[in-house]
Amino acid sequence: MFQAQCNISITNNDVKNINFNFVHSIEIESSYENLTDTCKIIIPRKLTFEDKPLFSGDTPIFKRGDKIEVSIGYVPNITKVFSGYIKNVGSNVPTVLECEDEMYLLKQYTVNYPSKVGLIERSKKGKLLKHPQVIPFSVKLDELLDYCLTDHDISYEIIDNIDLGSFRVINATPASVLDKLKSEYGLYSYFRDGVLHVGFANDASVTSEAEFKMEEVIINSDTLEWQRAEDVRIKCVAISMNPDNTKSDPIEFGDPDGNQITIHKYNMDAKSLEFAAKEWIKENKYTGYRGEVETFGEPIMKHGDRIKLTSVKLPERDGTYLIKKVKRVYGVDNGNHQIFTLGAKVG
């Protein structure tokens, strides 16, 4: 039988590094939809180092803003599954550490873009305007990220250097800027191995695939939900962001009475946008599994990876799905588990 193990490594501002492997539980959530990966660790409040409390008392060794890494696995293997910063140290018993990945850093300062706004103060005939007009500034994605991130030594990768058109924010955190890119341009942002990735949904930086057999490693195989395509009622609304910062007319495809999902694309004509909407419906209106799949802690999977579900009893239900979200649960009572939220069926 495999023995689950973990290791927590925390480094404070004094560059003091302390490792410990006794916790009550660890819960990690990671998804490209959520912008920020989170980690919650419950530990004994009386945990000490050199006779000093780690997280409580008048002079705790560790506190908000300290770097943290979490590794989980089975003896003798252990893999880093989270890195980030302590967001909050709970004051109750036991102590709860709330942590965020590197997105935490992008919530600690604000930016203005552009730094200076040009104004048209006179009409073409030279008359002084009562209400000066703002001169639109056009910016590309790479330029915007470079402006927001360079001074803080954060590396990033983009799927395409999209022209964002006129883009303006005032006293916004870089995380808020990324959230604006998601809501207005359909660009998703997430950290992977310390690098910020910005692109469209499911544009994973690294994608892998693994097979999981229902009768062997799927813990909730008896309760996993099965759906038929004819019972799925969904409608896709596709919108293209044009280079001049305008949006196209929406293209709708699917069931008129279905649950509506809006997808964003960049610089697509009506025909291409319609094709994208039809492909989205094809990927999501399927006969197959939906919901969450709970399994053991290995092999370690990430959002954007592909999970191939196979069955000896029901081989006709075999299929491959994108992983939209990963939740890791580790603890004295739970052992080491992964819970995958299934996305589109891709095979």
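Definitions and cut-offs
- Residues numbered from 1 in each chain as written.
- Predicted model: local features only at pLDDT ≥ 70, side-chain atom pairs only at ≥ 80, totals over all residues.
- Heavy atoms only, no water.
- Salt bridge = Lys/Arg side-chain N within 4 Å of Asp/Glu carboxyl O.
- Helix = DSSP H or I, 4+ residues; strand = E, 2+ residues; numbered from the N terminus.
- Buried < 20%, exposed > 50% of the residue type's maximum accessible area, 1.4 Å probe, protein only.
- Pairing = 2+ DSSP bridges.
- Axes fitted to C-alpha atoms, helices over the stretch in contact; angles between N-to-C directions.
- Contact = heavy atoms within 4.5 Å.
- 1 Å grid on protein atoms, 1.4 Å probe; cavity = no way out; pocket = protein on both sides within 12 Å on 5 of 7 lines; lining within 4 Å.
- Points joined across faces, edges and corners; volume = space filled by probe spheres on them.
- Nonpolar A, V, L, I, M, F, W, Y, C, P; charged D, E, K, R; others polar.
- Expected span 1.5 Å × (residues − 1).
- Arc of directions from axis to C-beta.

1. Some remarks on the pattern of salt bridges
Item 1. Under the counting rule described, the total for this entry stands at twelve salt bridges.
Item 2. Lys87 is the partner of Glu100 in a salt bridge, and the nearest nitrogen-oxygen pair spans 3.4 Å. Taken as a pair, Glu100 in strand E9 (residues 95-100) and Lys87 in strand E8 (residues 79-89) lie far apart in primary sequence, 13 residues in all.
Item 3. The exposure class of Lys87 is partly exposed, given its relative accessible area of 35%.
Item 4. Among the salt bridges present, the one from Asp255 reaches Arg233, with a minimum N-O distance of 3.4 Å. Pair noted here: Asp255 is in the loop between strand E22 (251-254) and strand E23 (259-266) and Arg233 is in the loop between strand E20 (225-227) and strand E21 (234-241), with a separation of 22 residues, a long-range link.
Item 5. Given the relative accessible area of 12%, Asp255 is considered buried.
Item 6. On the basis of relative accessible area, Arg233 is assigned to the partly exposed category, the value being 40%.
Item 7. The network of salt bridges with common partners includes Arg233, Asp255, Asp257 and Lys285.

2. A look at the sheet that holds strand E17 (residues 188-192)
Item 1. An order of E14-E18-E17 is seen for the three strands of this open sheet, with the pairing classed as mixed. Edge positions in the sheet fall to strand E14 (156-158) and E17, since each of these pairs with one other strand and no more. Between one strand axis and the next, the sheet turns by 20° as a mean value, whatever way the strands run.
Item 2. With five bridges connecting them, E17 and strand E18 (residues 195-199) associate as antiparallel partners. Its bridge partner being in E18, Ser189 is matched across the sheet by Val198.
Item 3. Across the sheet, helix H1 (residues 141-149) is in contact with E14 and E18; its angle to E14 comes to roughly 165°.

3. A word on the layout of surface pockets
Item 1. Its boundaries defined by the atoms lining it, the second largest pocket holds a volume of some 430 Å³.
Item 2. Along its surface, the second largest pocket is lined by 19 residues, and Asp37, Val81, Phe82, Asp193 and Lys302 are the ones closest to its centre.
Item 3. The greatest single-element share of the lining of the second largest pocket, amounting to five residues, is contributed by E8.
Item 4. Among the residues forming the lining of the second largest pocket, the class breakdown is six nonpolar, five polar and eight charged.

4. Some points on the sheet that holds E22
Item 1. Strand order in the open sheet made by the three strands is E22-E21-E23, with mixed pairing throughout. The open sheet is flanked by E22 and E23, the only strands paired with a single partner. In this sheet, adjacent strand axes meet at a mean angle of 25° when their direction is disregarded.
Item 2. Here E21 pairs with E23 via eight bridges, running parallel. Bridge pairing links Val237 to Thr262 in E23.

5. Examining helix H2 (residues 174-185)
Item 1. With twelve residues, H2 should cover 16 Å at 1.5 Å per step; its first-to-last C-alpha distance of 16 Å lies within 8% of that length.
Item 2. When we look at burial in H2, the residues that qualify are Pro174, Ala175, Val177, Leu178, Leu181 and Tyr185. Considered in projection along H2, the buried side chains sweep an arc of 160° and stay on one side of the axis.
Item 3. Gly186 lies just past H2 and shows a positive phi near 70°.

So far we have only geometry, and geometry alone does not tell us how the molecule works.
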